[in-house]
Amino acid sequence: MKKFLIIPVRWYQRFLSPVFPPSCRYSPTCSNYMIEAIEKHGVKGVFMGLARILRCHPFTKGGEDPVPDFFSLRRHKMKKRV
């Protein structure tokens, strides 16, 4: 099931993404985030990826936003190392 959910994202990365200039404000990119979220959380990962895409706009600060180990539609802020 996960492979079928990842295929459209890989298709986007291969054929559509190169046509547009890079614009993702987060690291990892939104498409890579979607793939990682699907691999970790299955179908719920699709919703996490869509929430991430909605957060990725010109008015956001961006930065590091790794896929959390638990399901959440909010941004997972990394803890700062001291």
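Sequence order sets the numbering: in each chain, residues are counted from 1 along the sequence as written. Only residues with pLDDT of 70 or above have their local features reported here, since the model is predicted, and side-chain atom pairs are shown and tallied only from 80 upward, although totals for entire chains, interfaces and linings are computed over all residues. Values reported for side chains reflect all heavy atoms of the structure, with hydrogen atoms and water molecules removed beforehand.

Caption draft 1: Local environment of the nonpolar core. Residues Ile6, Val9, Met34, Ile35 and Ile38 constitute the largest nonpolar core, which totals five residues. Numbering goes from the N terminus for both helices and strands, where a helix is a DSSP run of H or I of at least four residues and a strand is a run of E of at least two. Broken down by secondary-structure element, the contributors of at least two residues to this core are α1 (2-16) and α2 (30-41). Ranked by residues supplied to this core, first place goes to α2 with three residues. Within this scheme, the nonpolar core is defined by two criteria: the residues are buried Ala, Val, Leu, Ile, Met, Phe, Trp, Tyr or Cys, and they are joined through side-chain atoms within 4.5 Å. For every residue, the accessible area (1.4 Å probe, protein chains only) is compared with the maximum for its type, and the residue is labelled buried under 20%, exposed over 50%, or partly exposed between those bounds.

Caption draft 2: Region of the structure containing the confidence of the model for the protein. Here the protein averages 88 in pLDDT, and 91% of its residues register 70 or above. Mean pLDDT across the elements of the protein bottoms out in strand β2 (residues 63-64) (89) and peaks in α1 (95). You can read pLDDT as the predictor saying how much it trusts each residue, on a scale of 0 to 100.

Caption draft 3: Examining the packing of α2 against helix α3 (residues 43-55) more closely. The angle between two axes is taken between their N-to-C directions and runs from 0 to 180 degrees, where each axis is a line fitted to C-alpha atoms and a helix contributes only its stretch in contact. As a packed pair, α2 and α3 sit with axes 7 Å apart at the nearest point and diverge in direction by 155°. Classified by the angle their axes make, α2 and α3 are roughly antiparallel. The two elements α2 and α3 cross, and the hand of that crossing is right-handed. Along the contact surface, α2 presents Cys30, Tyr33, Met34, Ala37, Ile38 and His41, while α3 presents Val43, Lys44, Gly45, Val46, Met48, Gly49, Leu50, Arg52, Ile53 and Arg55. Per-class residue counts for the contact of α2 with α3 are 10 nonpolar, three polar and three charged. If an angle is under 35 degrees, it is roughly parallel; if it is over 145, roughly antiparallel; if it lies from 65 to 115, roughly perpendicular; otherwise it is oblique. Each crossing is labelled by how the near helix is turned from the far one, with a counterclockwise turn of less than a right angle marking it left-handed and a clockwise turn marking it right-handed. The contact criterion used throughout is that any non-hydrogen atoms of two residues lie within 4.5 Å. Ten residue types, Ala, Val, Leu, Ile, Met, Phe, Trp, Tyr, Cys and Pro, are classed as nonpolar, four, Asp, Glu, Lys and Arg, as charged, and the remainder, Gly among them, as polar.

Caption draft 4: Summary view of the state of the cysteines. Disulfide: a pair of cysteine sulfur atoms within 2.5 Å of each other. By the definition in use, this model includes zero disulfides. In this structure Cys30 is a free cysteine whose sulfur lies 3.2 Å from that of Cys24, the closest cysteine sulfur available. According to the relative accessible area criterion, Cys30 is buried, its value standing at 12%. Cysteine Cys56 shares no disulfide, and the gap to the nearest cysteine sulfur, in Cys30, comes to 3.7 Å.

Caption draft 5: Main features of the environment of Val9. With respect to the element layout, Val9 can be found in helix α1. Linking Val9 and Tyr33, residues 24 residues apart in sequence, is a C-alpha distance of 10 Å. If sequence neighbours within four positions are ignored, Val9 has contacts with Ser31, Met34 and Ile35.

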